[in-house]
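Next come the chains, spelled out residue by residue.
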Amino acid sequence: GQQLNQSPQSMFIQEGEDVSMNCTSSSIFNTWLWYKQDPGEGPVLLIALYKAGELTSNGRLTAQFGITRKDSFLNISASIPSDVGIYFCAGRGGGSYIPTFGRGTSLIVHP
Amino acid sequence: SQTIHQWPATLVQPVGSPLSLECTVEGTSNPNLYWYRQAAGRGLQLLFYSVGIGQISSEVPQNLSASRPQDRQFILSSKKLLLSDSGFYLCAWSAAGLEEKLFFGSGTQLSVL
């Protein structure tokens, strides 16, 4: 089946720093997604990417659909304490219409 | 607007007891419905999904079952809980044709002791 490797597993940063995380796949995807899960809540969709090379922003968040279609990146600029949570990448492709999720990147922001 | 309700928020159950978690969606018709489990420190594992009343697809063979008795109601059940069933259970919905845009409930933290 499809497998996603998400890294890093966790990040501890100072407020104001920029953050980068990525996700790689063993398969080609036609859709890449980034979700954020606040503590004790369900994940919320941040950004959806539908085309190789696509770069999309949502406020301080920017995500890119890799050219090879096997990877995606999420950047957060000027982090703030409310950015704390788990960020999940998810990909869809290979005939499955349901996204496959990565294991998540846990982000902690120190004020 | 669409909303998803999931309850209870937390549950502590003894090994061998039954389980019933309920999820309802409002403000939309014929949604796709999903049950996920999130074990501590791990990602989201898809357990079941449904594209219509009475239609259930199981992704992982296990001790759990799901049912969809009404269009916007999705139930996760077990006859006898195991210790390994502990985890954070999430219900989600998506519109048909927009399966990448999942909307999650607030989850149920299940502890089996």
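For the structure, check the block above.
What this report covers is the structure whose coordinates are included nearby. Being a predicted model, the structure only gives us computed values, none of them experimental.

1. With respect to the pairing of strand 9 (residues 85-92) of chain A
Residue and element names in this part refer to chain A.
Then step 1. Of all eight residues making up strand 9, seven are buried, and the element is well covered by its neighbours.
Then step 2. Inspection of the sheet shows strand 4 (residues 31-37) paired to strand 9 by seven bridges, in the antiparallel sense. If you follow L33 over to strand 9, its bridge partner there is A90.
Then step 3. In terms of strand pairing, strand 9 meets strand 11 (residues 105-110) through three bridges, oriented antiparallel.

2. Notes on the pattern of salt bridges
Then step 1. As enumerated under the stated definition, the model contains six salt bridges over all chains in all.
Then step 2. Among the ionic pairs, A:R92 bridges to B:E100, the shortest N-O distance being 3.2 Å. Taken as a pair, A:R92 in strand 9 and B:E100 in the loop between strand 9 (87-94) and strand 10 (103-104) lie in two separate chains rather than in one. There is no split in this pair, since A:R92 and B:E100 are both buried.
Then step 3. Salt-bridge contacts for B:D85 lead to B:R37; the nearest nitrogen and oxygen are separated by 3.8 Å.

3. Section: the nonpolar core
Soluble globular proteins tend to pack their nonpolar side chains together in the buried interior.
Then step 1. Ranked by size, the top nonpolar core spans 21 residues in total, and within it A:L74 and A:L107 carry the most contacts.
Then step 2. Taken together, the elements giving at least two residues each to this core come down to strand 2 (10-14), strand 3 (19-25), strand 4, strand 5 (44-49), strand 7 (61-65), strand 8 (71-76), strand 9 and strand 11 of chain A.
Then step 3. Setting aside residues up to four positions removed in sequence, A:L74 forms contacts with A:V19, A:S20, A:M21, A:W34, A:I47, A:L61, A:T62, A:A63 and A:Y87.
Then step 4. Membership of the second largest hydrophobic core comes to 19 residues, among which are B:I4, B:L19, B:L21 and B:L47.

4. Considering the sheet that holds strand 7 (residues 65-70) of chain B
All names here are of chain B.
Then step 1. The strand order across the open sheet formed by four strands is 1-3-8-7, and the pairing between neighbours is antiparallel. Since the sheet does not close on itself, it has two edges, and those belong to strand 1 (3-7) and strand 7, each with one partner. The mean angle between the axes of side-by-side strands here comes to 20 degrees, regardless of whether they run parallel or antiparallel.
Then step 2. In this sheet, strand 8 (residues 73-78) lies alongside strand 3 (residues 19-26) in antiparallel orientation, the contact comprising six bridges. Counterpart to T24 in the pairing with strand 8 is Q73.

Criteria and thresholds
- Residues numbered from 1 in each chain as written.
- Chains lettered and ligands numbered in written order.
- Predicted model: local features only at pLDDT ≥ 70, side-chain atom pairs only at ≥ 80, totals over all residues.
- Heavy atoms only, no water.
- Buried < 20%, exposed > 50% of the residue type's maximum accessible area, 1.4 Å probe, protein only.
- Helix = DSSP H or I, 4+ residues; strand = E, 2+ residues; numbered from the N terminus.
- Pairing = 2+ DSSP bridges.
- Salt bridge = Lys/Arg side-chain N within 4 Å of Asp/Glu carboxyl O.
- Core = buried A, V, L, I, M, F, W, Y, C linked by side-chain atoms within 4.5 Å.
- Contact = heavy atoms within 4.5 Å.
- Axes fitted to C-alpha atoms, helices over the stretch in contact; angles between N-to-C directions.

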